[in-house]
Amino acid sequence: MSACAPTRTRTRLRIPRSQRPHSPPPGGDGDGNGRRPRFRLRIAGADLSASITVFLIAVPMSLGLAVAINAPLEAGLVAAAVGGILAGLLGGSALQVSGPSAGLTVVTAGLIQVYGWRTTCAITICAGLLQVVLGSLRTARGALAVSPAIVHGTLAGIGVAIALAQLHIVLGGTPQSSAMDNALALPGQLARVGPAAPLIGALTIAVLVAWPRLPGRIGKKLRKIPAALTSVVLATAVAAVAAPGIARVDLPSWSSHALPEMPKGPVLGLITAVFTVMLVASLESLLSAVAVDKMSADRPGATGGKADLDRELRGQGIANAVSGLLGGLPVSGGAVRGTANVRAGATSRASTVLHGVWVLLAAGLLVTVLEWIPLAALAALVMMVGIQMVNFAHIRNVHKHREFLVYAATVCGVVLLGVLQGVVLGIAVAVGVALHRLARTRIICTEEESGVHRVRARGQLTFLAVPRLSRTLGHIPQGAHVVVELDGSFMDHAAYETLQHWQEAHTARGGRVEVTGRAGGRIAEPASAAQSCCRPWTAWRNHHCDDHHPEQRPANRRLASGVSSFQRNTAPLVREELARLAREGQTPSQLFLTCSDSRVVTSMITSSGPGDLFTVRNVGNLVPLPGAEAGDDSVAAAIEYAVDILRVDSITVCGHSGCGAMQALLNASPDAPMTPLRRWLRHGLPSLARMRSRHHSWARISGRLPADAVEQLCLTNVVQQLEHLRSHESVARRLAEGTLELHGMYFHVGEAQAYLLTDAHDHEMKGVFAEVAPA
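Residues numbered from 1 in each chain as written. Predicted model: local features only at pLDDT ≥ 70, side-chain atom pairs only at ≥ 80, totals over all residues. Heavy atoms only, no water.

### Points about the side chain of Gln590
As for its placement among the helices and strands, Gln590 is situated in strand β8 (residues 590–595). Of the polar contacts made by the side chain of Gln590, one reaches the side chain of Thr652; its length is 3.0 Å. Sequence-distant contacts of Gln590, defined by excluding residues within four places in its chain, comprise Asp612, Leu613, Phe614, Val648, Ser650 and Thr652. (Helix = DSSP H or I, 4+ residues; strand = E, 2+ residues; numbered from the N terminus. Polar contact = N/O pair within 3.5 Å; in protein donor to acceptor, adjacent residues only side chain to side chain. Contact = heavy atoms within 4.5 Å.)

### Quick look at the packing of aromatic side chains
Counted under the stated rule, the structure contains three aromatic pairs. When the centroid spacing of 5.8 Å and the interplanar angle of 40° are considered together, the rings of Phe614 and Tyr641 count as tilted. Linking Phe614 in strand β9 (residues 613–618) with Tyr641 in helix α24 (residues 633–645), this pair joins segments that are 27 residues apart in sequence. Of the residues examined, Phe614 reaches a relative accessible area of 17% and is grouped as buried. Judged by its relative accessible area of 37%, Tyr641 is partly exposed. (Phe/Tyr/Trp six-rings, centres within 6.5 Å; stacked < 30°, edge-to-face > 60°. Buried < 20%, exposed > 50% of the residue type's maximum accessible area, 1.4 Å probe, protein only.)

### Here we look at the pairing of β8
Among the six residues of β8, six are classified as buried, and the element is accordingly described as predominantly covered. The pairing of β8 with β9 spans six bridges and is parallel. For Phe592, the partnering residue across the bridge sits in β9 and is Thr615. Relative to strand β10 (residues 650–656), β8 runs parallel, the two sharing five bridges. Counted as the bridge partner of Phe592 is Thr652 from β10. (Pairing = 2+ DSSP bridges.)

### Re unusual backbone geometry
Phi at Asn70 is positive, roughly 60°, even though this residue is not glycine. The backbone of Arg138 shows a phi angle near 60°, a positive value even though the residue is not glycine. The residue Arg138 is located in the loop between α4 (117–136) and α5 (140–143) in this model.

Written as structure tokens, this is what we have:
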């Protein structure tokens, strides 16, 4: 579940001052109108502690990555500080932590070897400026369209290259210029290995692996200390006693720190280098932002907003440009640091910014301490990061989706040829696989003993398969019973027209045709023009195709036509299920209480079928309090029946945008006559009082304020009616037993977007609705 709504134009919030709470609710990064407010950095205690945790991970990681690529060690600290502060302030992901990245290690190492350090800094500046341009052109979402097999294959290939290079340092040697050279030189390195560096490296790896698995209550407390910090500290302490002569970190004076120069080298090579740094940094940052966003949204009570990927790309670009200008490594968002930030309890971007401040202070004040760290310990730390980039969960996932060939080709390309070449190879293989799948369609016709002809189409039906499909269908005798089994997820227009025309012709000659899917389930045939202009998949649209007719049918005719359409198209598909429900009785899983508004189609927005929901609809989705004046026992009776007799597992109160009942509550005149509608709406007065109260925070919808007072009242009403539910004896009893759950839901009709109340389990419900993202 995501924690923020898609960016859309909003009307400005205009709520009378008397209806405003004492202070705006916390959380969020905008004002609900698509504009960013003036920046105010609030530092919470959780952000302060999280920033220290991330800082303790970032310092050894930054030094280790600088060692890995043979860059000035202070360049890693510069990148960590700049990434934390600038990308933290300007990026679109509040909890992502940026800095020098393992994904850029192989690329940067190659650039330093070919162009030198100062030109590499200039390349980093240009790559950052290119990121800013692409972010301004709103291309960030397009970057995520790259096949996951290619992305994960690129990161895995980089991880393999990192591990091979750092293994040489752990063994006391020096890495070669490429992954293949490192692999070929490994036997020689093993022949001349010394004892000190491997032992310190092995100690570091052992602590990294064992620390998160410490058992018991003491282990739980110790695990709060980052494993990366613990491993490096222990390795440093052991090396100080047992191996005083081991190679250590050597931080030169800041007065000799190298700054960028004008790029020198072939123009085409420099352009390729800029593009490669931009591509890897952008992909890693955007994927990490999405992952961190999902992690933060899954936390209980999460109220943060969804990452703005275009803003994140611009923020990363500015950070890269400044890092290169100050002589730092390329910057990108990191999954390791971002994950640690979320798990440490960070609530805002203050944690990311503070982590950069701590790195900056450490770079100036802790130089002597940092110089005690053995290089073998840092190399072992980075080697483990590289190994973890080869994620077996990703391998299983791409294998399940039959894209392992793309993944393997990308990994091999990155290891053998380079990052950019590996990505290009992966894309080429992905395109080839897609074309192969589109072109390779098997069409088989068999005749069963009962005389039924079964046509099986394996693969995607495109225009390339139309000749084979026509030949196969043409061999079927007239009047035969035919079952066409489509085992594919795509059918283009040419194949559809071929199958449709043959089906109509075969049926007209007395034959019978059934079209089924992969599992054998029947697919409803499109109604002919003579029957209706509505397709089966648009039947819920209230037959708006009638608008195309010059003469509108009367209401009774539309009703009869709809019933006839159901009997003809839908009843054959649901008859068996309804017959089962008639025999066994209803066993719904939840009580769904919503408004009578004709635009709220409960079965559609919940993807439910017959027997799933026990539905109660009334004007304003109201739940009268027990014993209330002008009470209506029908809602209470439905609640009691659902909870005590049907034993539902959950109750959902669903409000919606543009609710006429809420508008009537807001605009009600005290002098208006008391009608049945007004008497019923009196059950909504507590919602109106809650919205105007200074003791309750405003309800929020995915981190933004509601668009207007009506939407505010619609959201508040859901929260209030859930509290009314708790007052019913049957509900209170089941809640105390722990066998019933309450859920709040808001359906935005114009956006076709559902939002769930994220804190319905709390006693004091704050009214934070989070968007339900499509899978």
